[in-house]
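Structure at a glance
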Amino acid sequence: MPTSVFIDGEAGTTGLQIRDRLANREDIRLISLDADRRKDTDARRTAFREADVAILCLPDDAARQAVTLAGDTRIIDASTAHRVAADWVYGMPELPGQRERIAAATRVANVGCFATGAIAILRPLTDAGLVPSDAGVVLTGVSGYTGGGKSLIAEYEAGTGPAHYLYAHGQTHKHLPEIMEFGGMSRKPAFQPAVGGYAQGMAVQLHLHADLLPGGVGRHARIEAALREAYAGDPFVGVETAQARIDPQALNGTNRMVLSVQGDGEGRVTVVAVLDNLGKGASGTAVQNLNLMIGAKETEGLT
Ligand SMILES: NC(=O)C1=CN([C@@H]2O[C@H](COP(=O)(O)OP(=O)(O)OC[C@H]3O[C@@H](n4cnc5c(N)ncnc54)[C@H](OP(=O)(O)O)[C@@H]3O)[C@@H](O)[C@H]2O)C=CC1
Ligand SMILES: CC(=O)N[C@@H](CCC(=O)OP(=O)(O)O)C(=O)O
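Labelled according to an unreviewed UniProt entry, the chain appears under the name N-acetyl-gamma-glutamyl-phosphate reductase, originating from Jannaschia pagri. If you open the UniProt record of the chain and go to Subcellular location (unreviewed entry), you find "Cytoplasm". You can read under Catalytic activity (unreviewed entry) in the UniProt record for the chain the words "N-acetyl-L-glutamate 5-semialdehyde + phosphate + NADP(+) = N-acetyl-L-glutamyl 5-phosphate + NADPH + H(+)".

As structure tokens, this is what we get:
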């Protein structure tokens, strides 16, 4: 019997990408609503009840409301609404022990796109004691404009978006709570995100004065070793030698994430994660979580 999956928000940026990844699978039956009924509460309630798993690709408020329609149906929520909620499982398979928790969960909150890169870098370093949880750390990131959903895409497709811009200057980016909780940080990192004038692909950077942390200089090699150990054998995350030019679009269309470590050998270290904001940063991980939840091969439908 195939697993029935309803994607609420199927016509949006993330929903479409998930549908594409599931459309040809024999183990999945997609439940779809006609365009004129996709926001109809009764039609959605019926679709939820018919589904084994529902994937929410909605703005936060609509996602909260969708949960009230879903009954006992298992949910993967791609929005920010439930990521640090106590009764939800955080949908980042790479965290220690998380694959088992996701597999058993009824409510999974899919990790955010910038958060995917930031936590993938931070968590092995806080777990290893290389970065104390109360250290002051700096994160930066750049995302293609699809990260801003339909409205930002429309701006760029109309040719009116800037070539590059910085935003969220007030240190209140919506991914900071999940980055702190699952990255192992008790002190809020400083985070400066940016949008690049290209559609898809992102890079997230952690910048450290490792010479000011306990243990001092020479941490570059230990940081790289901790990351290599954390992701040894992972199907999608790898650590590679840093390139002189790092292209945020290098992994577009894939569910992969590549980390690299650079520094001057005297304490200043930058760790970079490259991923596809729509792939590993959203729809790819949603499918990975779905695979874990339904007992399919974790890599099914993903490259
Ligand atoms: N874009 C990205 O890179 C990422 C996005 N996300 C998250 O995924 C979620 C969806 O984002 P994204 O796909 O970019 O957004 P989009 O704006 O592209 O799509 C959202 C979709 O939800 C639909 N929708 C809105 N309200 C309702 C409702 N009440 N009932 C049914 N459908 C509704 C919209 O319909 P309409 O077309 O009529 O507006 C639209 O089709 C967001 O929470 C976002 O934060 C997560 C990771 C990355
Ligand atoms: C470029 C851009 O605007 N990016 C969005 C994050 C992308 C996204 O929607 O993040 P979630 O994974 O949390 O849903 C932002 O910074 O708010």
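Let's talk about the nonpolar core
Ranked by size, the top nonpolar core spans 85 residues in total, and within it Ile55, Ala118, Met257, Leu259 and Ala273 carry the most contacts. Top element by residues in this core is helix α5 (residues 113–127). It accounts for 9 residues. If you count residues domain by domain, this core takes at least three from each of domain 1 (3–111 + 282–294) and domain 2 (113–277). Setting aside chain neighbours within four positions, we find Met257 in contact with Thr116, Gly117, Ala120, Phe236, Val237, Leu251, Ala273, Val274, Leu275 and Lys280.

What to know about the site of ligand 1
Around ligand 1, a shell composed of 27 residues is seen, among which Gly12, Thr14, Ser79, Gly149 and Ala282 lie nearest. Elements that contribute at least two residues to the shell around ligand 1 include exactly α1 (13–22), α3 (60–69), α6 (149–157) and α9 (279–294). Tallying contributions element by element places α1 first for the shell around ligand 1, with 3 residues. In terms of residue class, the shell around ligand 1 is built from 9 nonpolar, 13 polar and 5 charged. Structurally, the shell around ligand 1 is a two-domain feature, drawing no fewer than three residues from each of domain 1 (3–111 + 282–294) and domain 2 (113–277).

Re the sheet that holds strand β2 (residues 28–31)
Here we have 6 strands laid out as an open sheet, ordered β2-β1-β3-β4-β6-β5, and parallel in their pairing. Each edge of the open sheet carries a strand with a single partner, namely β2 and β5 (89–91). If you compare each strand with its neighbour and ignore which way they point, the axes differ by 25° on average. Relative to the sheet, α1 contacts β1 (3–8), β2 and β3 (53–56), its axis offset from that of β1 by approximately 160°.

Remarks on the UniProt feature "active site" (unreviewed entry) in the chain
On the UniProt side, "active site" (unreviewed entry) is annotated at positions that read Cys113 here. As for its position among the elements, Cys113 is in helix α5. Setting aside its immediate chain neighbours within four residues, Cys113 contacts Ser143, Gly147, Met202, Asn277, Gly281 and Ala282.

Quick look at the site of ligand 2
Around ligand 2, the neighbouring residues are Ser79, Thr80, Gly112, Cys113, Ser143, Gly147, Gly148, Lys174, His175, Pro193, Val195 and Ala282. There are two domains that each give the shell around ligand 2 at least three residues, and those are domain 1 (3–111 + 282–294) and domain 2 (113–277).

Re the packing of α1 against α9
Two elements in contact, α1 and α9, have axes whose closest approach is 9 Å; the angle formed by their N-to-C orientations is 45°. Taken together, α1 and α9 sit at an angle that is classed as oblique. Taken as a pair, α1 and α9 cross one another with a handedness that is right-handed. Here α1 contributes Thr14, Gln17, Ile18, Arg21 and Leu22 to the contact with α9, which in turn contributes Ala282, Ser283, Ala286 and Val287.

A few points about the UniProt feature "domain: Semialdehyde dehydrogenase NAD-binding" (unreviewed entry) in the chain
Feature annotation in UniProt assigns "domain: Semialdehyde dehydrogenase NAD-binding" (unreviewed entry) to the following positions: residues 4–103. Helix makes up 36% of residues 4–103 and strand makes up 20%, while its end C-alpha atoms are separated by 16 Å.

Considering unusual backbone geometry
Of note in the backbone geometry, Ala168 takes a positive phi value of approximately 55° without being a glycine. The topology assignment puts Ala168 in the loop between β8 (164–166) and α7 (176–183). Even without being glycine, Gln171 reaches a positive phi, approximately 60°.

Examining the sheet that holds strand β10 (residues 202–209)
Taken in spatial order, the 7 strands of this open sheet run β8-β9-β7-β10-β13-β12-β11, and their pairing is mixed. In this open sheet, the two edge strands, each paired with only one partner strand, are β8 and β11 (237–239). On average, each strand axis in the sheet is tilted by 20° relative to the strand beside it, whichever way the strands run. In this structure, strand β7 (residues 138–144) lies alongside strand β9 (residues 190–196), joined through 7 bridges in parallel fashion. Bridging from a neighbouring strand, Gly141 pairs with Pro193 of β9.

Points about the domain arrangement of the chain
Taken domain by domain, the chain comprises domain 1 (3–111 + 282–294) and domain 2 (113–277). Computed from C-alpha atoms alone, the centre-to-centre distance between domain 1 and domain 2 is 25 Å. Each partner contributes to the interface: domain 1 provides 14 residues, whereas domain 2 provides 19 residues. Considered class by class, the residues forming the side of domain 1 that touches domain 2 number 6 nonpolar, 6 polar and 2 charged.

A look at the pairing of strand β4 (residues 74–77)
Within a regular strand, the side chains alternate between the two sheet faces. Relative to β4, β3 is paired through 4 bridges, and the arrangement is parallel. Paired with Ala54 across the strands is Ile75, a residue of β4.

The rules behind the values
- Residues numbered from 1 in each chain as written.
- Chains lettered and ligands numbered in written order.
- Predicted model: local features only at pLDDT ≥ 70, side-chain atom pairs only at ≥ 80, totals over all residues.
- UniProt positions renumbered as here; feature names shortened; annotations may be inferred.
- Core = buried A, V, L, I, M, F, W, Y, C linked by C-beta atoms within 7 Å.
- Buried ≥ 20, exposed ≤ 12 C-beta atoms within 10 Å, placed from the backbone.
- Helix = DSSP H or I, 4+ residues; strand = E, 2+ residues; numbered from the N terminus.
- Domains from an automatic or database assignment.
- Contact = placed C-beta atoms within 7 Å.
- Near = placed C-beta within 6 Å.
- Nonpolar A, V, L, I, M, F, W, Y, C, P; charged D, E, K, R; others polar.
- Pairing = 2+ DSSP bridges.
- Axes fitted to C-alpha atoms, helices over the stretch in contact; angles between N-to-C directions.
- Parallel < 35°, antiparallel > 145°, perpendicular 65-115°, else oblique.
- Left-handed = near helix turned anticlockwise from the far one by under 90°.

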